[in-house]
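Coordinates in review
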Amino acid sequence: MGINATPQRSAAAPSAQISILGSTGSIGKSTLEVIALHPQYQVFALTANKNVAIMLEQCQRFSPRYAVMVDEQAAEELRKSLKAYGLETEVLAGAQSLVEIASHPDTDTIMAAIVGSAGLPSTLAAVKHSKKVLLANKEALVMAGDLFIGALAASDAVLLPIDSEHNAVFQCLPPETRFAGGDICSQGVRRVVLTASGGPFREAPLSALEEVTPDQACKHPNWSMGRKISVDSATMMNKGLEVIEACYLFGVGAQMVEVLIHPQSIVHSMVEYADGSVLAQMGSPDMRVPIAYSLAWPNRIASGAAYLDLTKQSALEFFAPDLERFPCLRLGIEAAKMGGTAPTILNAANEVAVESFLQGKSRFTAIPAIIAGVLEQMTCRKADTLDIIREADRSARELARQISDRL
Ligand code: NAD
Ligand code: MG
């Protein structure tokens with residue numbers, strides 16, 4: 001996407017053929033809720049890992065041309081159910097079908113909402129095929145940022161961030177610098193400030209963190225999200241990943257990205273300019289807002305989210321994060337500064353550590369210990385090719401499993 005490509009505003013958002021990768025998840029469902037409000041958006045394809053019941057409901061309601069189930073058995077079940085209901089949606093199976101959908105010439109807009117590294121091949125394919133890519137799947141960008149941004153520069157893809165913080169920054173930047181490749185420093189930007197709620201354990205006694213259960217970690221005070229990102233929010237690794245995401249998306253070094261704890265989740269992020277002006281984007285903590293913004297960009301449409309009533313809002317607070325309480329945030333910032341394969345390694349180790357915690361195999365406090373151990377033992381390299389990234393990802397996962405078994 002060139003930096004001069006910002007289209008003019010028009011009265012109504014144009015129609016689009018949308019594919020949602022990860023439609024049965026939290027972001028996928030919110031995307032369908034926004035789409036349901038606007039008949040100009042048609043659903044071309046929906047994809048999921050194995051949740052047949054939700055996928056069947058979504059197919060009944062939105063009649064996509066294709067439904068992908070990565071799990072073969074789930075695909076077979078879905079095929080039978082759709083047939084029983086007389087629905088014509090064609091069912092595809094397997095991970096390669098995700099890439100086929102993301103590259104299909106009849107779909108123009110791809111919502112990348114798969115969780116974790118499983119979303120990389122399809123998201124990258126969407127970029128290479130010059131789609132309008134709505135990026136929720138931050139792990140794909142974090143693990144392969146240089147490749148991703150290179151593919152973006154070599155294509156006509158438009159990448160719009162769905163992560164609420166990056167969507168907020170995007171809205172606060174000068175229009176000509178919003179896309180990777182735009183030089184935000186030359187436009188007087190001094191700092192990008194990402195806000196963070198601090199998650200459910202912002203004030204919990206440190207000694208209590210040892211005994212935290214997966215359900216406690218997934219109970220976020222302001223946002224309702226999938227389980228992996230909920231744990232990431234509780235450890236604040238989510239903000240570490242978001243610092244890396246901001247560096248790639250906006251072409252800045254980690255020293256230009258600041259994190260502030262803002263427990264109310266009303267200011268979604270800010271951009272500070274050389275003259276002392278600070279632009280902030282505010283709204284209810286509801287992912288339908290950034291989703292609607294990105295679907296309609298550069299127009300604006302209703303999202304279905306509640307409008308903000310500042311007279312009923314409690315005081316807005318901001319604090320510096322405590323890196324002792326949240327070692328995962330420190331590790332994320334360090335990986336952002338190191339670059340190369342460090343973010344790939346960090347992301348892979350985190351995925352293994354979180355999965356192990358969610359399965360009840362390791363403690364909440366083991367998550368940063370596992371990631372730190374992996375980062376210490378692996379050598380970071382330049383991340384120029386997909387092979388290097390895959391190898392770093394594979395080795396980091398193996399090492400993370402070994403460390404996790406020993407703890
Ligand atoms: P979720 O767990 O609710 O949903 C994940 C989706 O991915 C599901 O549809 C699932 O079927 C699919 N999936 C899981 N594993 C898969 C695999 N191996 N192959 C193919 N598909 C697979 O997750 P979510 O909360 O919707 O988050 C999705 C992404 O959006 C994550 O990267 C997350 O960090 C990001 N994000 C989420 C939120 C939020 O509010 N939920 C906010 C910002 C960013
Ligand atoms: Mg976020």
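What this report covers is the structure whose coordinates are included nearby. (Residues numbered from 1 in each chain as written. Chains lettered and ligands numbered in written order. Predicted model: local features only at pLDDT ≥ 70, side-chain atom pairs only at ≥ 80, totals over all residues. Heavy atoms only, no water.)

Moving on to the overall build of the protein chain. Broken down by element type, the protein chain carries 16 helices and 11 strands. Whereas a compact globule of 407 residues would reach a radius of gyration of roughly 22 Å, the protein chain reaches 20 Å, a difference of no more than 12%. For the protein chain, with 407 residues in total, the buried portion stands at 58%. Sequence separation of at least 24 residues holds for 69% of the intrachain contacts in the protein chain that already meet a minimum separation of 6. Within the structure as shown, the protein chain displays about 17300 Å² of accessible surface, and the carbon and sulfur contribution to it stands at 51%. Computing the positive centroid from 35 side-chain charges and the negative centroid from 43, the protein chain places the two 2 Å apart. (Helix = DSSP H or I, 4+ residues; strand = E, 2+ residues; numbered from the N terminus. Rg over C-alpha atoms; globule rule 2.2 N^0.38 Å. Buried < 20%, exposed > 50% of the residue type's maximum accessible area, 1.4 Å probe, protein only. Contact = heavy atoms within 4.5 Å. Areas by Shrake-Rupley, 256 points an atom, 1.4 Å probe, with all protein chains shown as cover. Lys, Arg positive; Asp, Glu negative; His and termini not counted. Charge placed at Lys NZ, Arg CZ, Asp CG, Glu CD.)

Surrounding the magnesium ion (ligand 2) are the protein donor atoms Asp163 (OD), Glu165 (OE) and Glu242 (OE), at 2.1 to 2.2 Å. Going along the chain, you hit the donors of the magnesium ion (ligand 2) in the pattern D-x1-E-x76-E. Of this pair, Glu165 sits in helix H8 (residues 164-172) while Glu242 is found in helix H11 (residues 237-250), placing the two residues 77 residues apart along the sequence. (Donors = N, O, S within 2.8 Å, 3.2 Å for Na, K, Ca; no water.)

Time to look at the sheet that holds strand S8 (residues 189-196). Taken in spatial order, the 4 strands of this open sheet run S9-S8-S10-S11, and their pairing is mixed. Single-partner strands in this sheet number two, and they are strand S9 (257-261) and strand S11 (278-282). Between one strand axis and the next, the sheet turns through 20° on average, direction left out of account. Relative to strand S10 (residues 267-273), S8 runs antiparallel, the two sharing 5 bridges. Paired with Val193 across the strands is Met270, a residue of S10. (Pairing = 2+ DSSP bridges. Axes fitted to C-alpha atoms, helices over the stretch in contact; angles between N-to-C directions.)

With that settled, the discussion passes to helix H5 (residues 120-128). The α-helix winds at 3.6 residues per turn, so residues separated by three or four positions along the chain end up facing the same way. With respect to burial, H5 is a largely interior element, 7 of its 9 residues being buried. Among all positions in H5, only Leu120, Ser122, Thr123, Leu124, Ala125, Ala126 and Val127 are buried. Looking one or two places after H5, you find Ser130, whose phi comes out positive at around 55°.

Computed from the structure, the second largest pocket encloses a volume of approximately 280 Å³. As for the second largest pocket, its lining consists of 15 residues, and the residues nearest its centre are Val289, Arg300, Ile301, Ser303 and Tyr307. Of all the secondary-structure elements, those providing two or more residues to the lining of the second largest pocket are S11 and helix H12 (288-296). It is H12 that provides the largest number of residues to the lining of the second largest pocket, a total of 3 residues. For the lining of the second largest pocket, the per-class residue count stands at 9 nonpolar, 5 polar and 1 charged. (1 Å grid on protein atoms, 1.4 Å probe; cavity = no way out; pocket = protein on both sides within 12 Å on 5 of 7 lines; lining within 4 Å. Points joined across faces, edges and corners; volume = space filled by probe spheres on them. Nonpolar A, V, L, I, M, F, W, Y, C, P; charged D, E, K, R; others polar.)

Spatially, 7 strands are ordered S4-S3-S2-S1-S5-S6-S7 in an open sheet, and the strand pairing comes out parallel. Pairing within the sheet leaves two strands with one partner each, and these edge strands are strand S4 (90-93) and strand S7 (158-161). Across the sheet, the mean angle from the axis of one strand to that of its neighbour is 20°, orientation sign disregarded. For strand S1 (residues 16-21) and strand S2 (residues 41-48), the ladder comprises 6 bridges, and the chain directions are parallel. Its bridge partner lying in S2, Gln17 is registered against Gln42.

Our focus in this paragraph is the environment of Met270. Along the chain, Met270 turns up in strand S10. Residue classification places Met270 among the buried residues on the basis of a relative accessible area of 12%. Sequence separation between Met270 and Arg202 is 68 residues; the distance between their C-alpha atoms is 21 Å. Apart from the residues lying within four places of it in its own chain, the contact partners of Met270 are Val169, Arg191, Val192, Val193, Thr195, Leu260, Val278, Leu279, Ala280 and Phe318.

Quick look at the site of ligand 1 now. Taken together, 23 residues lie near ligand 1, and Thr24, Ile27, Asn49, Glu139 and Gly226 sit nearest. Separating an oxygen atom of ligand 1 from a backbone N or O atom of Ser26 is a distance of 2.9 Å. One of the backbone N or O atoms of Gly226 is found 2.8 Å from an oxygen atom in ligand 1. Summarising the interface, the protein chains cover 86% of the accessible area of ligand 1, which totals 830 Å² for the free molecule. Secondary-structure elements contributing two or more residues to the shell around ligand 1 are helix H1 (26-36) and helix H6 (138-143). Per-class residue counts for the shell around ligand 1 are 12 nonpolar, 8 polar and 3 charged. (Near = heavy atom within 4 Å. Polar contact = N/O pair within 3.5 Å; in protein donor to acceptor, adjacent residues only side chain to side chain.)

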